[in-house]
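Observations on the three-dimensional arrangement
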Amino acid sequence: MDWSRMILTSEEVAAGAVDSCREAFSAAFTAARGPRTMALFARQLDDGDVELLFSPESAEHAAPLLDEWGALPCERPALPGLELLVGHTEMTYYMI
């Protein structure tokens, strides 16, 4: 299973898109009963955009959201610079 990612532009970030995505993903996370390896991360980019990264298990429990948002497959991200928005903090141990 691949990770997934999407980019929110600085305009979308200013309009509250990060919070909207976090809330919707959190609802999917809760509905799935908080899977240990389901997580949403964010990384601030230099141009003001924000990259949202979804762990592989997210595709199993939040596929409609990822499809709606146009998230694309990607490699596992490097941990430095990531902020965990939704998920268990122990998820970061699986990324080392």
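Residues numbered from 1 in each chain as written. Predicted model: local features only at pLDDT ≥ 70, side-chain atom pairs only at ≥ 80, totals over all residues. Heavy atoms only, no water.

**Considerations on the packing of aromatic side chains**
The test is simple: Centres within 6.5 Å are what make two rings of Phe, Tyr or Trp a pair, Trp counting through its six-membered ring; a difference in plane orientation under 30 degrees is then read as stacked, over 60 as edge-to-face, and the rest as tilted. Going along the chain from the N terminus, every DSSP run of H or I of four or more residues is numbered as a helix, and every run of E of two or more is numbered as a strand. For each residue, the accessible area found with a 1.4 Å probe, counting protein chains only, is set against the maximum for its type, and the residue is called buried under 20%, exposed over 50%, and partly exposed in between.
For the coordinates displayed, the defined rule picks out three aromatic pairs. Their ring planes at 45° and their centres at 5.7 Å tell us that Phe25 and Phe54 sit as a pair that is tilted. Pair noted here: Phe25 is in helix H2 (residues 17-31) and Phe54 is in strand E3 (residues 50-54), with a separation of 29 residues, a long-range link. Taking relative accessible area as the criterion, Phe25 reaches 0% and is therefore assigned buried. Three or more aromatic residues joined by ring pairs form one cluster here, namely Phe25, Phe54 and Trp69.

**So, H2**
Applied cut-off: In this analysis, the expected span of each helix is defined as 1.5 Å times one less than the number of residues it contains.
With 15 residues, H2 ought to run about 21 Å at 1.5 Å a step, and its terminal C-alpha atoms sit 21 Å apart, in line with that. Phi for Arg33, located one or two positions after H2, is positive at around 65°.

**Some points on the pattern of salt bridges**
Note the cut-off: Should a side-chain nitrogen of Lys or Arg be within 4 Å of a carboxyl oxygen of Asp or Glu, the pair is scored as a salt bridge.
Inspection of every chain in the model, using the stated rule, returns four salt bridges. Where Asp19 meets Arg22, a salt bridge forms, and the shortest distance between an N and an O atom there is 2.8 Å. A residue pair is termed a helical-turn pair when its members lie 3 or 4 positions apart in one helix, as Asp19 and Arg22 do in helix H2 at three residues. By relative accessible area, Asp19 is classed as partly exposed at 40%. The closest approach of N and O atoms between Arg43 and Glu51, which form a salt bridge, is 3.3 Å.

**A look at unusual backbone geometry**
Unusually for a residue other than glycine, Arg33 sits at a positive phi of about 65°. Along the chain, the position of Arg33 falls in the loop between H2 and strand E2 (40-44). With relative accessibility at 77%, the residue Arg33 sits in the exposed group.

**Some thoughts on the nonpolar core**
Let me state the cut-off plainly: In this text, buried Ala, Val, Leu, Ile, Met, Phe, Trp, Tyr and Cys residues form a nonpolar core when linked through side-chain atoms within 4.5 Å. Note on contacts: a residue pair is in contact if any heavy atoms of the two residues lie within 4.5 Å.
By size, the foremost hydrophobic cluster in this structure holds 20 residues, and its most contacted members are Met6, Leu8, Phe25, Leu40, Leu52, Phe54 and Leu85. Among the secondary structure elements, those contributing two or more residues to this core are strand E1 (3-8), H2, E2, E3, helix H4 (63-69) and strand E5 (83-86). Looking at this core element by element, the count peaks at six residues for H2. Those residues in contact with Leu40 that lie beyond four places of it in its chain are Cys21, Arg22, Phe25, Leu52, Leu53, Phe54, Glu83, Leu84, Leu85 and Val86.

**Considerations on the environment of Ile7**
You can see Ile7 is positioned in strand E1. For Ile7 and Arg22, which are 15 residues apart along the polypeptide, the C-alpha to C-alpha distance reads 14 Å.

**A few points about the side chain of Ser55**
Checked against the element boundaries, Ser55 lands in the loop between E3 and helix H3 (58-61). Of the residues examined, Ser55 reaches a relative accessible area of 1% and is grouped as buried. The contacts of Ser55, once residues within four sequence positions are left out, are Trp3, Thr37, Met38, Ala39 and Met91.

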